[in-house]
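Residues per chain, in single letters:
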Amino acid sequence: RIEKCRTFGDEVEVLIDQLGASGHATGGNKDPRNVSSFIDDENASVKYLEGVITQGCQSSAVFNYLISLYAAMDDEVPLFKFLSKHVPTLASTIPSAKEGGIGAAILKQKEFGSTPQSPLDMSYALRVILRTGRHFRSAVKLYMGFGMRQQAVELALKVDPALARELAKESVGSDEKKRLWLMIARNAASDGDNRGGKDIVANVVSVLRECGGPDVLSIEDVLPFLPDFAQIDQFKDEICGALTSYSSKIDQYLKEMNDCDQICDTLRDGINRLGNHGFQMKADARCAFTKKTVLKEDEPFYVFPS
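This one's a predicted model, so the numbers in the text were calculated from it and none came from an experiment.

Participant: Please explain a nonpolar patch on the surface as it appears in this structure.
Facilitator: On the surface, F279, M281, L295, F301 and V303 cluster together to form a nonpolar patch covering roughly 440 Å² of accessible area. With respect to the helices and strands, M281 occurs in the segment after α12 (236–276).

Participant: For this particular structure, what's the right way to read the packing of helix α2 (residues 60–72) against helix α5 (residues 122–132)?
Facilitator: Helix packing geometry: the angle between the two helix axes and the distance between the axes. Between α2 and α5, the shortest axis-to-axis distance is 10 Å and the interhelical angle comes to 20°. If you check the angle between α2 and α5, you find them roughly parallel. For α2 against α5, the interelement crossing comes out right-handed. In contact with N64, I67, S68 and A71 of α2, α5 contributes Y124, A125, V128 and T132. Its residues assigned to classes, the contact of α2 with α5 comprises five nonpolar, three polar and no charged.

Participant: What exactly am I supposed to notice about the packing of aromatic side chains here?
Facilitator: Under the definition given, this model contains two aromatic pairs. Arranged with centres 5.8 Å apart and planes meeting at 50°, the rings of F63 and F82 form a pair that is tilted. Here F63, found in helix α2, pairs with F82, found in helix α3 (residues 77–86); they are 19 residues apart in sequence, far enough to count as distant. Like F63, the residue F82 is buried in the burial classification. Note on Y70 and F82: the rings are 5.5 Å apart at their centroids and 50° apart in plane angle, and the pair reads as tilted. Pair noted here: Y70 is in helix α2 and F82 is in helix α3, with a separation of twelve residues, a long-range link. You'll find Y70 and F82 in the same group, each marked buried. Here the aromatic residues F63, Y70 and F82 are joined through ring pairs into a cluster of three or more.

The rules behind each value
Residues numbered from 1 in each chain as written. Predicted model: local features only at pLDDT ≥ 70, side-chain atom pairs only at ≥ 80, totals over all residues. Heavy atoms only, no water. Patch = residues over 30% accessible without salt bridge, like charges linked within 9 Å, V, L, I, M, F, W, Y side chains within 5 Å. Areas by Shrake-Rupley, 256 points an atom, 1.4 Å probe, with all protein chains shown as cover. Salt bridge = Lys/Arg side-chain N within 4 Å of Asp/Glu carboxyl O. Helix = DSSP H or I, 4+ residues; strand = E, 2+ residues; numbered from the N terminus. Axes fitted to C-alpha atoms, helices over the stretch in contact; angles between N-to-C directions. Parallel < 35°, antiparallel > 145°, perpendicular 65-115°, else oblique. Left-handed = near helix turned anticlockwise from the far one by under 90°. Contact = heavy atoms within 4.5 Å. Nonpolar A, V, L, I, M, F, W, Y, C, P; charged D, E, K, R; others polar. Phe/Tyr/Trp six-rings, centres within 6.5 Å; stacked < 30°, edge-to-face > 60°. Buried < 20%, exposed > 50% of the residue type's maximum accessible area, 1.4 Å probe, protein only.

Here it is in structure tokens:
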């Protein structure tokens, strides 16, 4: 069983109480020979800690130590599976954290009442993973756990552009979605430029077709990313589509303007009718509130049609 766990900065020390030959704990025996630092080989350590967590251990030190062991592995699959199980998925209604780093992201989660109680220290896990210089998909998972979609997309663009596009598609805010797709388009243009400039237009056009339409990203948004030598034939379909979209929007705006004009005309007619409209009232008519005879009082009054 675990004797005690301590965390020192980014280092974790886990001590376990050795078991007797019968498989039971040695009880109150505190002989240093019966207590050893958990420095077994990597695979055995991982299996032991996985079992401890499966049995219900909620110690952050144990979780942190297991993360450090996962991060040291060449295979990212165990780490990613563990994070997928323990990193919370934030509700889509929570705004993505744009600035301020992880601290701001945690405050944003608390503001919206969505800070799940978990023994996993995601800040520690992210630091450990980024320090390794690999396992970036796991780091992307942690960024998403913090609600830092922009940082997740930036990192995904370096290792898996397809993952970056999937994350951008999941965005619900129109401003954020456009910002993310602009990042992806800029990266696609840069990637094509690194290959001699032949694929720049094709890469950018593929982003335009995948982003969700001109409402998210239009041809004029990506024109700065295209080279001066780009030929219009390479993206004429996109230009024609943009012109068609603009034409339909102009027709829609004209229709809305006509509707507004009709509404204004109707209101003007109504105002003019009310200005020329007369009412008949009895000489002894009384005010509904003061009960005074209206015509005998030298005060202005209102008459409401009934």
